[in-house]
Amino acid sequence: MNKLLVAFTLGIFTFSQAQTFTEQDTLRGSITPEREWWDLNYYHLDIDVNADDKFISGCNTIRYKVLKPHQVLQVDLQPPLRIEKVTQDGVELEVTNNINAHFIQLTKPQKVGELNEVVVTYSGHPKEAVNAPWDGGFSWKKDANGKDFVATSCQGLGASVWWPNKDHMYDEVDSMLISVKAPKGLMNVSNGRLRSIDKETNTYNWFVSNPINNYGVNVNIGDYIHFDEIYQGEKGVLDMDYYVLKDNLEKAEVHFKDAPKMMQAFEYWFGPYPFYEDSFKLVEVPYLGMEHQSSVTYGNQYKKGYLGRDLSGTGWGLKFDFIIIHEAGHEWFANNITYKDAADMWVHEGFTCYSESLFLDYHYGTEAANAYVQGIRNNIRNDKPIIGIYNVNHEGSGDMYYKGSNTLHTLRQVVNDDRKWRTILRGLNSEFYHKTVTTDEIEKVIGIEMKRDLKPFFDQYLRTTKIPVFEYKVKGKKLSYRFTNTVENFTLPIKVYIDDIPVWLEPSNEWQSEKMKGSFENLRVDPNFYIEINP
Ligand SMILES: [Zn+2]
């Protein structure tokens, strides 16, 4: 066990937190020498799901490209699942393991540029989800008619909780075939398109033709009924397919009208849906929901808001089904643009939480969107920084949602031009199309677009828990102002109103003064900026 003391030194103050990480965290969370020498090309996951025994068995064929010569390959699989054997070109290989990490000793020389395959055969009773999707695994449930209703979820925990893979986010597989033998009479819905069904064995073959992250891969088994629609989108014809429990068809046909509305709003703000080739699906599951790529899972009980609740407390949160909008928003930020390291998870959750307000903006106007973002601000805790610790599969504060959203909303005010702001959001989705990224890369691209050094801004909001405090004092006609509680070199243009007339100020850590017209008693700061005020 390693004890790691991590100290963030940022300008004028230091934030430190003591964290204990294990060797397993490092094996899981870092690009180990046994991972970095090969590049994922293709998976064929082929499993039999036995709901009666809560047992799975099968194999994953892993095809990879050799980047540099190495003879040991790391694959992850979490106990109690067990690797039975690993072969390459039909030859069985020796495997040593360190709990979740399995080290395959390759015998064939690994030549640079070659495409090779290993076949990992495994079986066992996978971890059962305790509180899906947060504490995930397999959910073995029954529907109202007593039929099996089974689903996987594994974000954070890792996809290796149910199938053997390279369980690190930096390397996405380029395409994938998912074959699932489901219990008789039931259907399996996974990612991508249904390529074929083997009726004899009740095996469903789904093919994903785009890069996909590990936790995005999923199995959903149920007594499903299917309906669909065609959406005329920015990139042409998009198939939108819906799989729901048979009893819920009528409800879903009405309720899922939010899906094309979502597509309209997000294509407008973020650019074309990133997976036309794989279609878009909503799939009903026995838990709240998850952003599984091209098969977004749904369990919001056909209610508006978050299980009927408005997270913003403004009423606007009840205008849409939170799970449809939020989880589908992740198709752009999580599935298209994917973090390399869990420490940067705000790239998924901050932008997606913000996408909820952009949905409102598109359909109900900017005032509604502004009210929503300001409303969810009440959920911010500022308990620890949004960015977590790198290389140990560590997520930052839950503030990555609401504070992440408010951070972006503040930037939008600085841009002060929604056409430009939209260009930035769409630009991110084309610049990082089907890529894995770091926060640093995101910051730089936005900074270039805005022609501003945004390093102090992002340091402030993502890497500390401090909120800038705007201080001002008035002497006659002179207004003096500055920011306190900030990192070094922090500045931010803000809009204030004096007698209801908008005035832009650019406070820094130093006092500045200006002579102004108007009565300062009536000074108020535009509430769209996420700052504190100390008059
Ligand atoms: Zn999310």
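In the block above lies the structure referred to throughout.
Residues numbered from 1 in each chain as written. Predicted model: local features only at pLDDT ≥ 70, side-chain atom pairs only at ≥ 80, totals over all residues. Heavy atoms only, no water.

### A few points about the overall build of the protein
Link 1 in the chain: What the protein contains, in helices and strands, is eleven helices and 31 strands.
Link 2 in the chain: For the protein, the C-alpha radius of gyration of 25 Å lies close to 24 Å, the compact-globule estimate for 535 residues.
Link 3 in the chain: For the C-alpha atoms alone, the extent of the protein along its principal axes is close to 85 × 55 × 40 Å.
Link 4 in the chain: Looking at the protein as a whole, 60% of its 535 residues qualify as buried.
Link 5 in the chain: Roughly 21000 Å² of accessible area belongs to the protein as shown, and the carbon and sulfur atoms make up 49% of that amount.
Link 6 in the chain: Treating the 57 positive side-chain charges of the protein as one cloud and the 73 negative ones as another, the clouds have centres 5 Å apart. (Helix = DSSP H or I, 4+ residues; strand = E, 2+ residues; numbered from the N terminus. Rg over C-alpha atoms; globule rule 2.2 N^0.38 Å. Buried < 20%, exposed > 50% of the residue type's maximum accessible area, 1.4 Å probe, protein only. Areas by Shrake-Rupley, 256 points an atom, 1.4 Å probe, with all protein chains shown as cover. Lys, Arg positive; Asp, Glu negative; His and termini not counted. Charge placed at Lys NZ, Arg CZ, Asp CG, Glu CD.)

### Here's the deal with the side chain of S357
Link 1 in the chain: Position of S357 among the secondary structure elements: in helix 6 (residues 346-364).
Link 2 in the chain: Classification of S357 by relative accessible area gives buried; the value is 1%.
Link 3 in the chain: Among residues more than four places away in sequence, those in contact with S357 are A369, Y372 and V373. (Contact = heavy atoms within 4.5 Å.)

### Examining the nonpolar core
Link 1 in the chain: Among the nonpolar cores identified, the biggest contains 154 residues, and W162, M176, F256, W346, I446 and F470 are the most heavily contacted of them.
Link 2 in the chain: In terms of residue count, the dominant contributor to this core is helix 6 (eight residues). (Core = buried A, V, L, I, M, F, W, Y, C linked by side-chain atoms within 4.5 Å.)

### Some details on a positive patch on the surface
Link 1 in the chain: Among the surface-exposed residues, K473, K475, K478 and K515 lie close enough to one another that they form a single positively charged patch.
Link 2 in the chain: Counting through the fold element by element, K515 comes out in strand 29 (residues 512-515).
Link 3 in the chain: Using a relative accessible area of 73% as the deciding quantity, one classes K515 as exposed. (Patch = residues over 30% accessible without salt bridge, like charges linked within 9 Å, V, L, I, M, F, W, Y side chains within 5 Å. Salt bridge = Lys/Arg side-chain N within 4 Å of Asp/Glu carboxyl O.)

### A look at the coordination of the zinc ion
Link 1 in the chain: Only H326 (NE2), H330 (NE2), E349 (OE) and E349 (OE) from the protein coordinate the zinc ion, and they sit 2.0 to 2.8 Å from it.
Link 2 in the chain: Metal-centred angles of 51 to 154° between the four donor atoms at the zinc ion mark the site as irregular.
Link 3 in the chain: Coordination of the zinc ion draws on donor residues from a single chain, spaced H-x3-H-x18-E in sequence. Remark: E349 occurs in helix 6 and H330 occurs in the loop between helix 5 (322-329) and strand 23 (337-339); sequence separation between them is 19 residues. Just as H330 is buried, E349 falls in that class too. (Donors = N, O, S within 2.8 Å, 3.2 Å for Na, K, Ca; no water. Tetrahedral: all angles 85-135°; square planar, octahedral: opposite > 155°, others 65-115°.)

### Observations concerning the packing of aromatic side chains
Link 1 in the chain: In this structure the tally under the stated criterion is 42 aromatic pairs.
Link 2 in the chain: Here Y273 and W332 contribute two aromatic rings whose centre-to-centre distance is 5.9 Å and whose plane-to-plane angle is 70°, an arrangement assigned as edge-to-face. Placement of the pair is Y273 in the loop between helix 4 (258-270) and strand 20 (280-284) and W332 in the loop between helix 5 and strand 23, with a sequence separation of 59 residues.
Link 3 in the chain: Of the residues examined, Y273 reaches a relative accessible area of 1% and is grouped as buried.
Link 4 in the chain: Residue classification places W332 among the buried residues on the basis of a relative accessible area of 0%.
Link 5 in the chain: Judged by centre distance (6.2 Å) and plane angle (75°), the ring pair of Y354 and W421 falls under edge-to-face. Within this pair, whereas Y354 is found in helix 6, its partner W421 is found in helix 9 (residues 418-431), the two being separated by 67 residues in sequence.
Link 6 in the chain: Residue W421 is classed as buried on the basis of its relative accessible area of 0%.
Link 7 in the chain: The ring of W38 has K166 lying over it, and the distance from NZ or CZ to the ring centre is 4.1 Å.
Link 8 in the chain: R524 extends its terminal NZ or CZ atom over the ring of Y497, reaching a point 4.5 Å from the ring centre. (Phe/Tyr/Trp six-rings, centres within 6.5 Å; stacked < 30°, edge-to-face > 60°. Lys NZ or Arg CZ within 6 Å of the ring centre and 35° of its normal.)

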